[in-house]
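# Coordinate analysis (summary)
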Amino acid sequence: MKWKPDWSDIAENLLIGLMAVAAAAIFIVFCVCIWEEVTTARTIIMRDGNQSYACTVSDISLAPHDCNPIEDAK
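Residues numbered from 1 in each chain as written. Predicted model: local features only at pLDDT ≥ 70, side-chain atom pairs only at ≥ 80, totals over all residues. Heavy atoms only, no water.

## A closer look at the state of the cysteines
- Using the criterion set out here, one finds 1 disulfide in the structure.
- There is a disulfide in this structure between Cys55 and Cys67, and the S-S distance comes to 2.0 Å. Residues Cys55 and Cys67 are joined through a disulfide that is right-handed, its torsion about the S-S bond being 120°. Here Cys55 is found in strand β2 (residues 51-58), whereas its partner Cys67 is found in strand β3 (residues 65-69), with 12 residues between them in sequence.
- Given a relative accessible area of 1%, Cys55 falls into the buried group. (Disulfide = S-S within 2.5 Å. Helix = DSSP H or I, 4+ residues; strand = E, 2+ residues; numbered from the N terminus. Buried < 20%, exposed > 50% of the residue type's maximum accessible area, 1.4 Å probe, protein only.)

## Overview of the sheet that holds β3
- Strand order in this open sheet of 3 strands is β1-β2-β3, and the pairing throughout is antiparallel. Strands with a single pairing partner mark the edges of an open sheet, and in this sheet they are β1 (41-48) and β3. The average angle at which neighbouring strand axes cross in this sheet is 25°, direction not considered. (Pairing = 2+ DSSP bridges. Axes fitted to C-alpha atoms, helices over the stretch in contact; angles between N-to-C directions.)

## Remarks on the pairing of β2
- Pairing geometry for β1 and β2, over 8 bridges, is antiparallel. Considered in β2, the bridge of Ile44 is made with Cys55.
- Linkage of β1 to β2, two consecutive antiparallel strands, is achieved through a turn of 2 residues, within which Gly49 is found at a positive phi near 70°.
- Bridge count for β2 against β3 is 3 bridges, and the pairing is antiparallel. Counterpart to Tyr53 in the pairing with β3 is Pro69.
- Counting the residues that bridge the hairpin from β2 to β3 gives 6 residues.

Interpretation in functional terms is not warranted from these geometric data alone.
Below you can see the structure in the form of structure tokens.
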């Protein structure tokens with residue numbers, strides 16, 4: 001008697017494995033992005049005339065980003 005593969009079980013197992021690998025990859029990418037921002041981000045103060053801005057820089061991207069104006073204490 002010749003063995004015949006059950007293609008529906010094979011496809012189901014491959015789909016489950018593919019979904020597990022995709023979920024793990026998304027989790028790893030998310031964790032690396034969060035870790036990079038938390039561990040390398042620094043806040044600097046930039047001045048433009050009378051206005052001061054708090055900006056974020058990191059070791060990966062030295063260009064300031066997420067700059068917000070600093071309000072003077074009254």
